[in-house]
Amino acid sequence: MTQRTLLSWSSGKDSAWALHRLKDDPGIEMVALLTTFNGAADRVAMHAVRRELVDAQAGRIGLPLWSIDLPWPCSNAEYENRMEDMCRSAVADGITAVAFGDLFLQDIRDYRERQMERAGLRPLFPVWMIPTGELARDLIGRGVKAKVTCIDRTKLDASYAGREYDADFLSSLPAGVDPCGENGEFHTFVYDAPVFASAIPVTVGDRIERDGFVFADILPL
């Protein structure tokens with residue numbers, strides 16, 4: 001039986017590659033993308049990507065975007081309440097599964113599995129445990145193009161914010177930094193990918209340092 005599936009969409013490279021793999025699965029019917037936004041800033045939580053750019057991604061993918069607007073600051077209880085509301089809407093819409101782009105953090109996977117089990121939805125992890133060096137090289141080689149939107153200053157120099165996520169970026173990473181940033185070292189915005197009908201023209205604007213992170217403002221052209 002085909003699984004009607006919602007994809008948790010961060011706007012970054014791992015989500016794009018998860019969607020690429022899901023679209024190749026004949027047992028999956030992709031229904032929509034789901035993104036959480038910082039309601040005060042109108043940007044993707046953590047990635048700090050402008051909403052209009054996520055709308056542009058959804059348009060090029062050809063799927064509707066479901067958004068959850070979170071207050072700022074947002075407690076975990078409030079986050080879970082809003083996720084539960086979304087899950088109820090998904091079930092009512094006939095969705096049976098929610099997919100995530102998580103790579104290897106077991107505690108995050110366990111948390112998502114508990115959330116989905118309570119809601120009666122099946123969690124899917126299409127890129128789980130792919131070695132991250134292999135995954136990074138593969139998605140770059142297959143045409144995923146991304147900008148680094150946010151870096152953790154305890155892990156990377158501020159100059160990494162706004163850089164192209166490419167082979168040069170990978171080769172320049174300090175020892176101990178995951179090539180996919182799975183430990184929170186950096187986040188990305190995908191402006192082109194095999195699942196896009198066309199690229200999104202973007203440029204890099206101001207860089208802002210806040211709370212130990214450096215954010216590069218990705219701007220539409």
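Note that the coordinates shown come from a computational prediction; the quantities given were computed from them, not determined experimentally.

(A) Inspection of the sheet that holds strand β8 (residues 186-192) at higher detail. Within the open sheet, the 4 strands sit side by side as β8-β7-β10-β9. Their pairing is antiparallel. Sheet topology places β8 and β9 (202-210) at the edges, where each strand pairs with a single neighbour. Recorded for the sheet is a direction-independent mean angle of 25° between the axes of neighbouring strands.

(B) Up close: the pairing of β9. Strand direction decides the pairing type here: β9 and strand β10 (residues 213-220), joined by 7 bridges, are antiparallel. Bridging across to β10, Val204 finds its partner in Ile218. Adjacent in sequence and paired antiparallel, β9 and β10 are bridged by 2 residues, among which Asp211 carries a positive phi angle near 55°.

(C) How the structure looks around the environment of Asp211. Along the polypeptide, Asp211 turns up in the loop between β9 and β10. Judged by relative accessible area, Asp211 falls into the exposed class, the value being 69%. Placed 58 residues apart in sequence, Asp211 and Arg153 show a C-alpha to C-alpha distance of 9.3 Å.

(D) How the structure looks around the environment of Ser11. You can see Ser11 is positioned in the loop between β1 (3-8) and α1 (13-23). It is 17 Å that separates the C-alpha atoms of Ser11 and Asn183, two residues lying 172 residues apart in sequence.

(E) A look at the nonpolar core. With 53 residues, the main nonpolar core has Leu7, Trp9, Leu19, Tyr165 and Phe186 as its most contacted residues. When sequence neighbours within four positions are dropped, the list of residues in contact with Leu7 reads Ser15, Ala18, Leu19, Leu22, Met30, Ala32, Leu33, Leu34, Ala99 and Phe100.

(F) Structural context of unusual backbone geometry. Pro73 follows Trp72 through a cis peptide bond whose omega is 0°. Considering the arrangement of structural elements, one finds Pro73 in the loop between β4 (65-70) and α3 (76-92). Phi at Ala48 takes a positive value of approximately 60°, unusual for a residue other than glycine. Positionally, Ala48 belongs in the loop between β3 (43-44) and α2 (51-61). In this structure, Met129 is a non-glycine residue whose phi angle is positive, near 65°. Topologically, Met129 is positioned in the loop between β6 (122-124) and α5 (132-141).

(G) Structural context of the environment of Phe169. Relative to the assigned elements, Phe169 resides in helix α6 (residues 167-172). With a relative accessible area of 0%, Phe169 lands in the buried category. Residues Phe169 and Arg60, spaced 109 residues apart in sequence, show a C-alpha to C-alpha distance of 26 Å. Not counting residues up to four positions away in its chain, the partners in contact with Phe169 are Val148, Tyr160, Arg163, Glu164 and Phe186.

(H) Main features of the pattern of salt bridges. Applying the stated rule across the entire model yields 13 salt bridges. Across the pair Glu164 and Lys147 runs a salt bridge whose closest N-O atoms are separated by 2.8 Å. Placement of the pair is Glu164 in the loop between β7 (145-152) and α6 and Lys147 in strand β7, with a sequence separation of 17 residues. Put simply, Glu209 and Arg153 hold a salt bridge, and the shortest N to O gap is 3.5 Å. Note that Glu209 is positioned in strand β9 and Arg153 in the loop between β7 and α6, a separation of 56 residues in sequence. Overall, the relative accessible area of 34% leaves Arg153 in the partly exposed class. If you follow the salt bridges from partner to partner, you end up with Arg4, Glu29 and Asp93 in one network.

About the thresholds
The numbering scheme is per chain: residues are counted from 1 as the chain's sequence reads. At least 70 in pLDDT is required for a residue's local features to be given in this predicted model, at least 80 for side-chain atom pairs to be given and counted, and no such filter applies to totals for whole chains, interfaces and linings, which use all residues. Each side-chain value is derived from all of the structure's non-hydrogen atoms; neither hydrogens nor water enter the calculation. We call two strands paired when DSSP finds no fewer than two bridges between them. Comment: elements are numbered from the N terminus, with helices defined as DSSP H or I runs of at least four residues and strands as E runs of at least two. In this analysis an axis means a line fitted to C-alpha atoms, helices contributing only their contacting stretch, and an angle means the value between N-to-C directions, from 0 to 180 degrees. Partly exposed describes any residue whose relative accessible area lies between the buried limit of under 20% and the exposed limit of over 50%, with all areas from a 1.4 Å probe on protein chains only and scaled to the type maximum. What is meant by a nonpolar core is a set of buried Ala, Val, Leu, Ile, Met, Phe, Trp, Tyr and Cys residues, joined one to another through side-chain atoms within 4.5 Å. The contact criterion used is simple: two residues touch if any of their non-hydrogen atoms lie within 4.5 Å. Definition used for salt bridges: Asp or Glu carboxyl oxygen within 4 Å of a side-chain nitrogen of Lys or Arg.

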